[in-house]
Amino acid sequence: MSALARSRRHRFAPMLLLAFALLVVGGAYTALAPSSAQADALDDADAGKGEALFIANCATCHGPGAVGTDLAPSLVGVGPAAVHFQVTTGRMPMQASGPQAEAKPPQFSEDEALDMAAYIATLGPGPAIPTEEQVDPALGSAPNGMLLFRVNCAMCHNAVGAGGALTEGKYAPSLMNSSPTIIYEAMLTGPQSMPGFNDATLTPDEKRDIIAFLMEQRGTNPGGLSLGSLGPVSEGVWVFVVGLGALIGCAVWIGSRSS
Amino acid sequence: MSIEKSSHSGEHRELGGSAGLPERFENPGLEPHRHRLADSDPKRAKRSERQIALIFTISILASIAGVVGYAVFPVDIDRASVLNVRWSTLVVGLGLGIGMLGIGVAAVQWARALMDDGEKIEDRHPMSAGPAAHQQSLEILRQGADEANIARRPVLKGAIAGALALAPLPFLVPLIGNLGADWDISKFKRTAWAPREDGSGDPERFFEGTYRYLARDPQDTKIRAADVTNGNIVHVIPHGLPEEEHYLEEKAKAVVLLVRVDPSILKEAPERADWSYDGIVAYSKICTHVGCPVALYEQQTHHVLCPCHQSTFDITDAAKVVFGPAKRALPQLPIKVDPEGYLYAAADFDEPVGPSYWQRER
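Keep in mind that what you see is a predicted model, and the values were worked out from it rather than measured. Every chain is numbered independently, its residues counted from 1 as its sequence is written. Here the convention is simple: chains get letters from A, ligands get numbers from 1, in the order in which they are written. Two thresholds apply to this predicted model, a pLDDT of at least 70 for residue-level local features and 80 or more for giving and counting side-chain atom pairs, whereas whole-chain, interface and lining totals are computed over all residues.

Enquirer: Outline the overall build of chain A, listing residues and values.
Expert: What counts as a helix is a DSSP run of H or I of at least four residues, what counts as a strand is a run of E of at least two, and both are numbered from the N terminus. Counting secondary structure elements, chain A contains 12 helices and 2 strands. Its helices and strands taken in sequence order, chain A reads α-α-α-α-α-α-α-α-α-β-β-α-α-α from the N to the C terminus. Here chain A holds 259 residues, and 34% of them are scored as buried. Put simply, 69% of the contacts in chain A that link residues at least 6 apart link residues at least 24 apart. Put plainly, a residue is buried at 20 or more neighbouring C-beta atoms within 10 Å of its own, exposed at 12 or fewer, and partly exposed in between, counting only other residues' C-beta atoms, which are placed from the backbone. Think of it this way: build a C-beta for each residue from its backbone, and any pair within 7 Å is a contact.

Pasting the structure below:
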């Protein structure tokens, strides 16, 4: 005690104290701060492998170092969520240029996609891949999700998420087979024509509510032919082609002579 | 229709010599009657009979199946389930449909295959009743008028005309009245964004009690300018509107799209220079064509598309029409930021939102 008291005026004492305080604060932050999703999903990812994959498969369009070219935008700061969304749904690498990059069977495994996401994350901070808990439909409120979906999403993606047309060959895809993680990443990053919904516009809880609604209404066909749940368009085509066709067939049959 | 042989046969005349077309065509009459196989072949008739009986039998079975299905898949309150409702609807519907269709198909087939199909001709009666009957009817009318003494009693003439004219009014007046008691069209010209000039607004919802804050739809939470990022969209209602009267009517006029675009690509008229904030612009969500909500925002082209008739508006250029049937640009809502960073409406729209109406000037 007396040794400590004597050395408290030592000229290194303030520095030692500062170092100790920093250690305590830093340690406490690490222990208490919510672990970011990025850390979770990208824990085992290898940014070096991701960079190799990027150079071999993506750099043609996105440029070395992902800074973008005339063909494709810069990926600095798009975040791991955007990479995971684009690569695991097969939208990237793009097969051919067209109105929009369409989903197709993915060319890379989940691990390879995470490696690339880790590489892109080293270039600049961006939206992280959501955790399992953030996208768990069981934890969300489907009724609230429906309210949010109707205002923010239904105009493009249809009232049940069946998708719909935009301009010049672009379209909002169906959400019927999209996984909760993919839906979350799309809301967060706003891929292609879709505007993003940042965490102030739709909080992470509200995003989970929307996912809960989409999952809830997937299995609720009350019977009959849903015709893609596209509403008056497909039902009208059905009535005009099949319904009127059957009526015309009946009229021809009634008017024909028996052999 | 008379199908007697035309008496014009033999009056053919060549037209222009080379065309070879007769001046008029003869009524060819009925083609010779062709007998059906079933008319001459009893075996064939028997087969048709069996066929028709089979269709009737299918109809009978389907009707029974429909009733059985109703009993097998109960939909009363205690035993109903989604699966039961689905099957009950399907079986009862198919039973009723096939039951009815079977009767129709069998009856038509019966008429086609077995009933006598010889053509019969029945001429129409003459339409006129003849001059004697005409004369008699006119006489009766004239006699009635004489007996009623209409010509000599003008008061009665006026009275009956008045009574007949007024009698439909108890029907017509409520009908027109019920179309809407409210003929005040000035409300088309203002929305819930209009500032409360007397400062009477709730300070939580109105900046300085006057200017309405922007809020997210449907959460009704205020929006910080910093939270509106590039490439994002926010659907906006006036703050606190959900708790006010006539919420839906007011919301239908006041909904707004909030978007931030790079200020370098934003084209702004000089008189609108202070209507946006650092690239954040707010436009009415109600289409100027027929009033659908224009909300399909394509963030790469900065176009908003109306889902009803594909009118497309360019957000970077004062929401002018770039495609489709709409005539006018979307009205812009002037926005400002309070000291805490929250967005509020500095004024109402400077023109009526939505489609044209009869007293709009342009």
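Enquirer: Now, about the overall build of chain B: what can you tell me, with residues and values included?
Expert: Along its length, chain B carries 7 helices and 12 strands. Once local pairs closer than 6 in sequence are excluded, the contacts in chain B between residues at least 24 apart make up 53%.

Enquirer: Run through the sheet that holds strand 8 (residues 303–305) of chain B, naming residues and quoting values.
Expert: Residues and elements named next belong to chain B. Here we have 4 strands laid out as an open sheet, ordered 7-8-9-10, and antiparallel in their pairing. Strands at the two margins of the open sheet, each flanked by one partner only, are strand 7 (296–298) and strand 10 (320–323). When the angles between neighbouring strand axes are averaged without regard to direction, this sheet yields 35°. One requirement defines pairing of two strands: DSSP has to find at least two bridges between them. Note on geometry: axes are C-alpha line fits, over the in-contact stretch for helices, and angles between N-to-C directions span 0 to 180 degrees.

Enquirer: If you had to explain the nonpolar core to someone new, which residues and values would you point to?
Expert: Under the definition applied here, buried Ala, Val, Leu, Ile, Met, Phe, Trp, Tyr and Cys residues are grouped into a nonpolar core through C-beta atoms within 7 Å. In this structure, Ala117 of chain A together with Leu214, Leu257 and Leu258 of chain B are the most contacted members of the largest nonpolar core, which totals 93 residues. Broken down by element, this core gets its largest block of residues, 8 residues, from helix 7 (residues 110–123) of chain A. Not counting residues up to four positions away in its chain, the partners in contact with Leu258 of chain B are Leu214, Ile223, Val228, Val234, Val236, Ile280 and Ala282 of chain B.

Enquirer: Account for the packing of helix 6 (residues 79–88) of chain A against helix 10 (residues 180–189) of chain A, naming residues and giving values.
Expert: The axes of two packed helices give the description: the angle between them and the distance between them. All names here are of chain A. Two numbers describe how helix 6 lies on helix 10: the axes approach to 9 Å, and their chain directions differ by 125°. As the angle between them shows, helix 6 and helix 10 are arranged oblique. Read as a crossing pair, helix 6 and helix 10 show a hand that is left-handed. When helix 6 is examined against helix 10, the residues Gly79, Ala81, Ala82, His84 and Phe85 are found in contact with a partner set consisting of Ile182, Glu185, Ala186, Leu188 and Thr189. Charged residues are taken to be Asp, Glu, Lys and Arg, nonpolar residues to be Ala, Val, Leu, Ile, Met, Phe, Trp, Tyr, Cys and Pro, and polar residues to be all remaining types, Gly included. Considered class by class, the residues forming the contact of helix 6 with helix 10 number 6 nonpolar, 3 polar and 1 charged. Orientation is classified from the angle alone, with under 35 degrees giving roughly parallel, over 145 giving roughly antiparallel, 65 to 115 giving roughly perpendicular, and any other angle giving oblique. Throughout, a crossing is termed right-handed when the near helix is turned clockwise from the far one, and left-handed when it is turned anticlockwise from it by less than a right angle.

Enquirer: Could you give an account of the packing of helix 10 of chain A against helix 11 (residues 204–216) of chain A, naming the residues involved and the relevant values?
Expert: Residue and element names in this part refer to chain A. At a minimum axis distance of 10 Å, the contact between helix 10 and helix 11 shows a crossing angle of 135°. One element, helix 10, and the other, helix 11, form an angle in the oblique class. Crossing geometry of helix 10 relative to helix 11 is assigned as right-handed. Of the residues in helix 11, those in contact with Pro180, Ile183, Tyr184 and Met187 of helix 10 are Lys207, Ile211, Leu214 and Met215. Here the contact of helix 10 with helix 11 is composed, by residue class, of 7 nonpolar, no polar and 1 charged.

Enquirer: So, the interface of chain A and chain B: which residues are in play, and what are the values?
Expert: At the junction of the two partners, chain A supplies 24 residues and chain B supplies 30 residues. Those elements giving two or more residues to the side of chain A that touches chain B turn out to be helix 8 (142–152) and helix 9 (154–157) of chain A. At 4 residues, the largest contribution of residues to the side of chain A that touches chain B is made by helix 8 of chain A. Its residues assigned to classes, the side of chain A that touches chain B shows 12 nonpolar, 11 polar and 1 charged.

Enquirer: Would you mind going over the pairing of strand 4 (residues 233–238) of chain B in detail, with residue names and values included?
Expert: Residue and element names in this part refer to chain B. The buried fraction of strand 4 is high, at 6 of 6 residues. Pairing between strand 3 (residues 214–216) and strand 4: 3 bridges, direction antiparallel. Across the sheet, the residue bridging to Arg216 is Val236, located in strand 4.

Enquirer: Which residues make up the confidence of the model for chain A, and what values go with them?
Expert: On average, residues of chain A carry a pLDDT of 86, and 92% of them reach 70 or more. Considering only residues more than four positions removed or in separate chains, one finds that residues 34–39 of chain A, a stretch of pLDDT under 50, has 11 contacts. Within a predicted model, pLDDT stands for the predictor's per-residue confidence, ranging from 0 to 100.

Enquirer: So what's going on with unusual backbone geometry? Residues and values would help.
Expert: Going from Met92 of chain A to Pro93 of chain A, the amide bond is cis rather than trans, its omega being -5°. Position of Pro93 of chain A among the secondary structure elements: in the loop between helix 6 and helix 7. Following Asp217 of chain B, the chain continues into Pro218 of chain B via a peptide bond in cis, with omega recorded as 5°. Among the secondary structure elements, Pro218 of chain B is positioned in the loop between strand 3 and strand 4. Backbone geometry places Gln192 of chain A, a non-glycine residue, at a positive phi of 50°. Counting through the fold element by element, Gln192 of chain A comes out in the loop between helix 10 and helix 11. Not every positive phi belongs to a glycine, and His302 of chain B is a case in point at roughly 60°. Structurally, the position occupied by His302 of chain B is in the loop between strand 7 and strand 8. Judged by the 21 C-beta atoms lying within 10 Å of it, His302 of chain B falls in the buried class.

Enquirer: A description of the confidence of the model for chain B should follow, citing residues and the corresponding values.
Expert: Residue and element names in this part refer to chain B. Considering every residue of chain B, the mean pLDDT works out to 87; 94% of them sit at 70 or more. Note that residues 1–17 has pLDDT below 50 and, in this model, 14 contacts with residues that lie over four places away or in other chains. Our summary of model confidence lists the complex with pTM equal to 0.69 and ipTM equal to 0.74.

Enquirer: Describe in detail helix 4 (residues 47–57) of chain A, supporting the description with residues and values.
Expert: Residue and element names in this part refer to chain A. When helix 4 is considered as a whole, its buried residues turn out to be Gly50, Glu51 and Phe54. Here the buried residues of helix 4 occupy an arc of 100° about the axis, which is enough to place them on one side. Exposed and oriented more than 90 degrees from the buried face of helix 4 are Gly48 and Ala56. Throughout, the arc means the angular range of directions from the helix axis out to the C-beta atoms.

Enquirer: Explain the sheet that holds strand 5 (residues 256–260) of chain B to me, and be specific about the residues and the numbers.
Expert: Residue and element names in this part refer to chain B. Strand order in the open sheet made by the 4 strands is 3-4-5-6, with antiparallel pairing throughout. The sheet is open, and its two edges are formed by strand 3 and strand 6 (280–284), each paired on a single side. The average angle at which neighbouring strand axes cross in this sheet is 40°, direction not considered. In terms of strand pairing, strand 4 meets strand 5 through 4 bridges, oriented antiparallel. If you follow His235 over to strand 5, its bridge partner there is Leu257.

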